[in-house]
Structure formats: C-alpha cells, structure tokens
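# A look at the structure
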Amino acid sequence: MCKISSIIIETVKAETVTAPSIDSEAAGDERTVTITDGVSNLLSGVKTYYTIDGSIPTASSTLYTGPFNISETATVKAITISNSSAATPSAVTTQLIDMDVIDVPTAAISAVDGINRTVTFSCTTEGVTLYYSIKDGEDWGAYVEGNSVVISANTTLKVKATKNTKEAVSDELSFQAGTAIKLNNPSYTIGAYSAGAYTLTLTSTQTDKLLSPTAVIKYTENDGETQTINSGETVNASVGSTYKFWSYVEGYTNSDEVTAVPTYVDVTSYRQDWSNDFKALAEGIIGSGSDNYNKQASLTLSGENLVAGYYNITNAGFHSNFGVNNVVWQVRYYGATKEKNTGLWPYNVNGSMVITDLSAGDVIVFTGDAVTAGTNVSKDVFTSSANGNSTFVVSADGNATFTPTKSGYIYSVTVYTKRPENVTPTISAVGWATYCSEYALDFTGVTALTAYTASVVGTTVTFNKVSGKVPANTGLLISGETASVPVCASADPVANIMEGVTKETVKSANTIFVLKKGASGLGFYKNANDFTLRAHSAYIPATNIPATARGFISLDDEATGIKGSLTPALSEGERVFYNLNGCKLQSVPTKKGVYLFNGKKVVVK
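Bear in mind that the values here come from a model prediction, so they are computed numbers and not experimental data.

### Comments concerning the overall build of the protein chain
Across its full length, the protein chain holds one helix and 51 strands. Intrachain contacts of the protein chain at a sequence separation of at least 6 include 61% that bridge at least 24 residues. With an accessible surface of roughly 31000 Å², the protein chain has 48% of that area assigned to carbon and sulfur atoms.

Below you can see the structure in the form of structure tokens.
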C-alpha cells in the first residue's frame, strides 16, 4: 500500500489588465488627447487601441503611440490588450472631448509698484471673455469684464471665462498687497587680484519674491556716480576703495546696502604662522591618477608641527577638539579627472572649520570652492571662487570660521602674522640670558649684545658666536646689553643643540639644563624638579649632553657653564689649553683649577 505524504497543487494565476486613462488639454483651437496604458497584473507587455467616433475599440482599431489632437467634439474610447493571447482585454474607457468646454481660468500677479500689485487673468481656452468679481466681506461684487485689476490691499477674487453659451469659474483666489516688497541683499565673490584690484562678481537672487524678479545691481565707488550691472557680472574693484552695492527692481523697495573695501596684503613682510595644503595631503595619502576615482581617506597627522592654539590633529580626520564643531572632516580625493574636488571636505555638511586665537592684523589666505569665511568681529564675508585665493585681515583678536556648502571644499589655509622690524631680548644685570624668538633674526652688525648657539663634538660642547642670521624658534645664549635685533624674513638652518620656547612651558624634572645662578655660580644646571620656562627663553635638553662629559664652562670671566660633568668648551683658535703659568698642556685638563683657553679663563671643578 502506497502512502501519500503530501500533495502539491500548483495554480496558474489568471491575467487581468486595468483600463487605460484618457486626458486632454487645450492646444489653441484644438485639444491634445493623452492616453495612459492599462497595466497587466502579470506585467506582460500591453498595447492600447482607441477610436474617436464612439465605437468600441478592438485590436483592429488605431494603435495608440502618442498624444494626438482633435479639432471637433468627439467621444474617445480606449482599450488595453495584453500581448498574451490568454489574457482578457481591459474594460473600455470613454471620454467626451467637448470642444465647447472652457478651461478654468486663473490669475497671477504680473507687476509690482510699491504697495500696489497688478493681478492679470488668463484662460487656456482661446476666444473666451474674462470677468472678475472681488469679495467684500462675505459678499461678492458683480462680475466686471477685464483682463487685469490693480489692488492696493489684500484681496480675494474669482475669475470667470465665457464663450458662446458656456462658462467656467475659478475657485477663490487671494493676493497680498498694501505693503512694499523689499529686495534681498546682493552678494559678492572675490576673484583674482591683479595690478592693484580684485575682480568682484556680484549676484542678486530674488527667487522668493513675487514674480521672482530679475534684479539689477546698483553700486558706487567711494560714494561717486551710481552705476548699474546685471546679476552675475563683475566689477574691477580697486584696493582701498569703498564699494556699496544694492539690489534694484522698479516698483520694489531697494535692498540694504552691502559694503566691500578690497584689501591686499603683501605677505612678504609677514611670518607664516600656520599653513596646511589639504590638496597635497589628499594626494599624498591616496596618490594621484584616474584609477583613484571616488576614493576617500581621513587625514592623520600629529599636531606637533602646527602652532599651539590652532589645531591638534589626531587620527581619523578633523575633530571638535581642535576647532571643528563636533563633526568629522575628511580629506577626499576624486582622482585626476576631478582634481578640483580634492581638499578638506565636511563629512557633516553643517560643520564649520574654526581657527582660534587669532590676533588683530593677522592675515588669512585660503583657497576653496563654495566656501564662505569670516571672523567673529568682522561682518565682511568672503565667498571663495573655485581654486582662487581669497585674503582677509583679522580686524580684532578672535576666531575665523570657514563654512563650505554641501559640495564645498577647502584646499588650503594659511595664517600670516605681521613681523615686527626688531625684537629686544632682555639681558639681566649679570650680563647673560637665554632667548628664543618666533621670528628669524639677523645679528649682522649687532654690537651691543652677542648671541651663541651650541654644538657637540664628541664629548665637547661648544658655544659658537652668531655673526649672521638664525631661523625662527632658535634657542640662543646671549650676553652683553639689552638691545634691538633686526627681524628678517627667513634664515638657513643652523647646527644647535639648544632649543627654545616662545610661550611659557613646563618641563619635567631632570630633562633639561637651564641657565641660572647655582652653587658654582651662573651656569647651566639640570632641573631637579619640574621647571617652568618663561616665554622667549632657551634651554639644553639633557639628552643633548654627552653622558661621559664632565667640566665647567667660563666665557669672558663670567662663570656660565654646566655644573657637574661637561668638558671645557672648545671654540675657534688653536684649540689648546695653558695653565696660569703659561705652560701648554698636552690634553684637555681634568684636574680642578683655572686654565686659559683661546684667551679666556676656563674653570674646571
């Protein structure tokens, strides 16, 4: 006996087809008829057939291939048939196309003149006569023939269109009037600088205003003659001149004035305080070439190479702990074919990049695409053009904010600080000090004070007199009198084991040698405890002193050296030692006492 464990019954779903739809619209003296196919529930292919004489359509009727016009009243019938022979045709759709039917008229504001509005009526049916009726409280006034009406207060009306014995009436239509419409302020984009002038592109957008008027822009230079340009055109704006712009359309209230005073700063007299080329970073992270299209990468850097107070860049891009408002920024690279889209890109488009701790007079130069930038103290907002440099001066201590649009990029940002002509290191009464400047210095011709760098040869530390330029942030030992030292644009690197700070800095115990008066006199002593270095001072890192060195240094009869275990300094000259009796020594002395070296006294303890 055979047992049936299960029975599978497969059913075939019957195919049905929905009915087509028929629409028409006025086309001059005719009407354009559009038929939309019905749909098979099995998604089979379908065709639609139609007639215009009222007869029932079949597969032998006219095949619908697109909209068609009729010029006389007609009854249009349509049917949709599946390509599957087993399917039942759809129901027949019928639509009377009455050439005497009038389309519903409408109205719109066509002109603005101060508080007044011109409302113009229209109807797509040709040959109609138009009337309007204005609502007065709860009552309607008599219909008045006309194609338009001027209103000076908020108004509700109806429009009626008539032709032969037929008519059509609109719904209630309300329009505002009685107050002047003020135009939006124009904006400007700073373009290229050349021969004492910038190119400013002026734009006036009024799409939210009635009629969406196309505004022109009026402007003056130094309150001179008013000139007119179209939105999107450019002005050659001279540096130092004051430009005032406003939007203008006849019948509207002018916008507020927007003022721009183009400034140009020759940054050759400035020190570059902070800079990042995000395009170069992006290409360095990912590489160039079209094969990298649509790739992206996060920026990973150490903050040590940036100026304190600006950024502390950690991993995975930019974060709020260094000025970006709780959003992630990424360096995104799109390959050679879209190189202009390489740059700093806001992962969250609502984020802004902020540079903090700026000083009045600082200059910011940035390159971006669809980026606005401004300071918290200046109302001037600069919108960058694609790949064009934009420059602005910080007018007071504060921050600068950079805000890209959704598709905007920041390519580079550089901060410049005005260099002073001179700096004046302070030397104590004992005639010695350490110094460090954030500027490159030129000691050529400076006689009131002497600066020294330090170097190590074997186990010997040498203090070397500076006779020319030293780079910014060079740690120095100085002697003499307080005097001015010229600031220069730059200097070549110098060999130097001394390091400097320009801001007050705390160093951990036993990590540095600092200049101070100790048990053996004025000299460099290792810090036994945590030590706070004053701003613009220098020190010698303990790691830079040879572990096997021993001795004490004296320069110009003033005990300035390193206590404990430093060999006597060897400087220029015959590089040999004499005792006080004038006897030449065969080697560097290690016995305690006073010796002569290069014409100077050296004390070994």
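### Some points on the pairing of strand β18 (residues 197-203)
Across six bridges, the pairing between strand β17 (residues 187-194) and β18 is antiparallel. Within β18, the residue paired with Ser187 across the bridge is Thr203. Where β17 folds back on β18, the antiparallel hairpin that results is connected by two residues, among which Ala195 adopts a positive phi of roughly 50 degrees.

### Things to note about the packing of aromatic side chains
Counting across every chain of the model gives nine aromatic pairs. On the numbers, 6.0 Å between centres and 45 degrees between planes, the contact of Tyr188 with Phe245 is tilted. Here the residue Tyr188 occupies a position in strand β17, and Phe245 occupies one in strand β22 (residues 243-248), the gap between them amounting to 57 residues. Taking the relative accessible area as the measure of exposure, Tyr188 reaches 9% and is therefore buried. Aromatic pair Tyr243 and Phe245: ring centres 6.3 Å apart, planes at 5 degrees, arrangement stacked. No difference in accessibility class separates Tyr243 from Phe245, as the two residues are buried. Aromatic ring contacts, followed pair by pair, group Tyr188, Tyr219, Tyr243 and Phe245 into a single cluster. Above the face of the Trp140 ring, Lys158 is positioned so that its terminal group lies 4.8 Å from the ring centre.

### A look at the sheet that holds strand β23 (residues 258-260)
The strand order β20-β19-β22-β23 describes an open sheet built from four strands, whose pairing is antiparallel. The open sheet has two edge strands with one neighbour each: β20 (227-230) and β23. Taken pair by pair, the neighbouring strands of this sheet meet at an average axis angle of 30 degrees, ignoring direction. Note: strand β19 (residues 216-221) against β20, four bridges, orientation antiparallel.

### Brief notes about the nonpolar core
In this structure, Val119, Phe121 and Phe175 are the most contacted members of the largest nonpolar core, which totals 24 residues. If you list the elements that add at least two residues to this core, you get β8 (106-113), β9 (116-122), β10 (129-136), β13 (148-151), β14 (155-163) and β16 (173-175). Residues within four places of Phe175 in sequence aside, it is in contact with Ala107, Ala108, Ile109, Val119, Ile151, Ala153, Asn154, Thr155 and Leu157. Among the nonpolar cores identified, the runner-up in size contains 17 residues, and Val423, Leu449, Ile478 and Val487 belong to it.

### Some remarks on the sheet that holds β13
Taken in spatial order, the three strands of this open sheet run β8-β9-β13, and their pairing is antiparallel. Strand pairing shows two members of the sheet lacking a second neighbour, β8 and β13, which therefore form its edges. For this sheet, the mean inter-axis angle between neighbouring strands, taken without regard to orientation, is 25 degrees. Judged from the seven bridges that link them, β8 and β9 form a sheet pairing that is antiparallel. By the bridge assignment for β9, Asp113 is matched with Asn116.

### As for unusual backbone geometry
In this structure, Leu211 is a non-glycine residue whose phi angle is positive, near 70 degrees. As for its placement among the helices and strands, Leu211 is situated in the loop between β18 and β19.

### Observations regarding the side chain of Thr453
Relative to the assigned elements, Thr453 resides in strand β36 (residues 449-457). Residue classification places Thr453 among the buried positions, given a relative accessible area of 7%. Ignoring any residue separated from it by four or fewer positions in sequence, one finds Thr453 in contact with Thr462, Phe463, Asn464, Val466, Leu476, Val494, Ala495 and Asn496.

### Notes on the environment of Gly232
Tracing the backbone shows Gly232 in the loop between β20 and β21 (234-238). Exposure remark for Gly232: the relative accessible area of 45% places this residue in the partly exposed category. For Gly232 and Thr205, which are 27 residues apart along the polypeptide, the C-alpha to C-alpha distance reads 9.8 Å. For Gly232, the residues in contact, after removing those within four places along its chain, are Thr201, Leu202 and Thr203.

### Section: the confidence of the model for the protein chain
Residues with a pLDDT of 70 or more make up 70% of the protein chain, whose mean pLDDT is 76. Across residues 288-328, where pLDDT falls below 50, the model places 114 contacts with residues more than four positions away in sequence or in other chains. Between residues 375-387, whose pLDDT stays under 50, and residues either more than four places distant or in other chains, the model counts 48 contacts.

Definitions and cut-offs
Residues numbered from 1 in each chain as written. Predicted model: local features only at pLDDT ≥ 70, side-chain atom pairs only at ≥ 80, totals over all residues. Heavy atoms only, no water. Helix = DSSP H or I, 4+ residues; strand = E, 2+ residues; numbered from the N terminus. Contact = heavy atoms within 4.5 Å. Areas by Shrake-Rupley, 256 points an atom, 1.4 Å probe, with all protein chains shown as cover. Pairing = 2+ DSSP bridges. Phe/Tyr/Trp six-rings, centres within 6.5 Å; stacked < 30°, edge-to-face > 60°. Buried < 20%, exposed > 50% of the residue type's maximum accessible area, 1.4 Å probe, protein only. Lys NZ or Arg CZ within 6 Å of the ring centre and 35° of its normal. Axes fitted to C-alpha atoms, helices over the stretch in contact; angles between N-to-C directions. Core = buried A, V, L, I, M, F, W, Y, C linked by side-chain atoms within 4.5 Å. pLDDT = per-residue confidence, 0-100.

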